[in-house]
Amino acid sequence: MATGTTPAAPPAPSPRDRGVRAPGRAAITAPHLRTDRWWLPPLVTALGLAAFVGYSTWRAFANADYYAAPYVSPFYSPCLAHNCVPMKGGADWALFGPWWGLSPALLVLIFPLGFRATCYYYRKAYYRGFYAAPPACAVAEPHAKYTGETRFPLILQNLHRYFFYIALLVAGILTYDTALGFRDTHGAWGHMGLGTLVLLANIALIWAYTLSCHSCRHIVGGRLRHFSRHPVRYRLWSWVGVLNRRHMLLAWSSLISVGIADLYVYLVASGAFDDPRFF
Amino acid sequence: MTSYEAHFKVWRGDAEGGDLRDYQVEVNDGEVVLDIVHRLQATQAPDLAVRWNCKAGKCGSCSAEVNGRPRLMCMTRMSVFTRDETVTVTPMRTFPVVRDLVTDVSLNYTKAREVPSFVPPEGVAPGEYRMAQVDVERSQEFRKCIECFLCQNTCHVVRDHDENKPAFSGPRFLMRIAELDMHPLDAAADHGLTRATSAQDDHGLGYCNITKCCTEVCPEQIKITDNALIPLKERAADRKYDPLVWLGSRIRRRGQ
């Protein structure tokens, strides 16, 4: 097929002769002619993501103030190291022995991080916001060469579905943590505090984001060619499609909610704030 | 009816060179950019070259860039601009220019020919095809395409990198592959053609970094990225990066 032809590698053109300024195209020196505030969305996106990365890095390495019974920070659950603080009935499994001296959050956060980093929405967000490929539509990107997701490391974006499978497990564990939020500090059921509501809102958004994933949409039914032969999977595909149309909204709201849930636990655990109790 | 004088900048020239020329031109209520370009032809620039046909957003001929944004001129209302705003009209900047606002879009026809066409199922004669509506409605969204090539024009993979043109078919033709791969009667796989794998290997699907500019500029509001390109990437991942799915499909070749 002609698309497979590999052109001989020509010398890289100078910035003034490549892209929209390449010979043969309309001779316009400006790299773009957009007059709107095209720079605003990638700027806001980059600032938002940078703020979350900064906050979560601090909290992940802090290794403190992540459990205030009955609430556990979503950054530290499941807690897989020997050095975790004891959590009554929580997902506290010491798979990593005393030799693990770093924060237990580092063992877990890699999976949600991988899920979000390979997410089709976040890819768009950081390709535009951080890598400027492209910064906005019809705005020239600054790179001399572009190979997209055809090579290592970006070809690994195709592993998104595996992170999705793990994200389902993590969401299940966070659901369990949320259920434990209905126990009081002594482990007795029948408690509800503001923290319970924070965890409930967070887990609802986490599930909505996870299930709105494009890989999920593909797995539940998108890969079929005959929906008529699989009515249940077609119905599931339709439902996931409704969520999928709001994937960006859910990506941001769940990112913010998980940060707020962690911050809430931090404030309660550090003694800066008392959890208001409803019953 | 009210009217006013608008300031237009229109690119004039050919492959040898050109520049943006200034025009003061009358604008009336309800007009679109193509109307103004036609008025320029009628009053001030009779040799201005512009490609157009239906004036209704259905033929895909009058693609251009208005204030730097890829758009159909016939579907860009003048009311979206303020009266003192300069309106800059240029040809699409991804394709070689022929003259003024007309570009050579033949690259797209080359890419179209490279997509293997629908393979009819064996034993079913034309006229005997029967498909459930629920099975074809995904593909029908892609059939709304009017081939204006605005998505091809705005895609940074080729807009900013001429060197990728041989390897990358672009969103319009990757969408065509998705359409055929989702077609309930396409029998390409029975003849050894796995369209999703071919999209990755032969048509440069991996170059797409799903930044959604194709979707943003589509005048038919086709969700190119969400409904065609990402599903195609997932289908390619089934075949190339998911050993479980690959193995399952080898063991049980279900007629999906």
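Here the structure is a predicted model, which means the values were calculated and not measured. (Residues numbered from 1 in each chain as written. Chains lettered and ligands numbered in written order. Predicted model: local features only at pLDDT ≥ 70, side-chain atom pairs only at ≥ 80, totals over all residues. Heavy atoms only, no water.)

## A short note on the overall build of chain B
Secondary structure assignment for chain B yields 10 helices and 7 strands. C-alpha atoms of chain B, sized along the principal axes, occupy 70 × 40 × 30 Å. Carbon and sulfur atoms make up 50% of the accessible area of chain B, which amounts to about 10800 Å² in all. When the 34 basic and 37 acidic side-chain charges of chain B are each reduced to a single mean position, those positions are 4 Å apart. (Helix = DSSP H or I, 4+ residues; strand = E, 2+ residues; numbered from the N terminus. Areas by Shrake-Rupley, 256 points an atom, 1.4 Å probe, with all protein chains shown as cover. Lys, Arg positive; Asp, Glu negative; His and termini not counted. Charge placed at Lys NZ, Arg CZ, Asp CG, Glu CD.)

## Digging into the overall build of chain A
Along the backbone of chain A there are 8 helices and 4 strands. Listed by position from the N terminus, the elements making up chain A come as α-β-β-β-β-α-α-α-α-α-α-α. Its C-alpha atoms give chain A principal-axis dimensions of roughly 75 × 50 × 40 Å. Considering chain A as a whole, with its 279 residues, one finds that 47% of them fall into the buried category. Nonlocal contacts in chain A, meaning residues at least 24 apart in sequence, comprise 64% of its contacts between residues at least 6 apart. Between the mean site of the 25 positive side-chain charges and the mean site of the 11 negative ones, chain A shows a separation of 17 Å. (Buried < 20%, exposed > 50% of the residue type's maximum accessible area, 1.4 Å probe, protein only. Contact = heavy atoms within 4.5 Å.)

## A few points about the domain arrangement of chain B
Residue and element names in this part refer to chain B. Partitioning chain B into structural domains gives domain 1 (3-103) and domain 2 (106-251). In this assembly, 14 residues from domain 1 lie in contact with 16 residues from domain 2. When the two sides are added together, the surface that domain 1 and domain 2 hide from each other amounts to roughly 1200 Å², 54% of it contributed by carbon and sulfur. Area buried by domain 1 at its contact with domain 2 is led by Pro70, Thr94 and Phe95, which between them contribute 47% of it. The interface formed by domain 1 and domain 2 includes 2 salt bridges. We note a salt bridge from Lys58 to Glu220, for which the minimum N-O separation is 2.8 Å. Taken together, the residues of the side of domain 1 that touches domain 2 break down into 6 nonpolar, 4 polar and 4 charged. (Domains from an automatic or database assignment. Buried area = accessible area lost by both parts, 1.4 Å probe. Salt bridge = Lys/Arg side-chain N within 4 Å of Asp/Glu carboxyl O. Nonpolar A, V, L, I, M, F, W, Y, C, P; charged D, E, K, R; others polar.)

## Topic: the UniProt feature "transmembrane region" (unreviewed entry) in chain A
Residues and elements named next belong to chain A. UniProt records the feature "transmembrane region" (unreviewed entry) for residues 38-58, 99-122, 162-182, 188-209 and 249-269 in the present numbering. Here residues 99-122 is 67% helix and 0% strand, with 35 Å between the C-alpha atoms at its ends. For residues 188-209, helix accounts for 73% and strand for 0%, while the C-alpha atoms at its two ends are 31 Å apart. (UniProt positions renumbered as here; feature names shortened; annotations may be inferred.)

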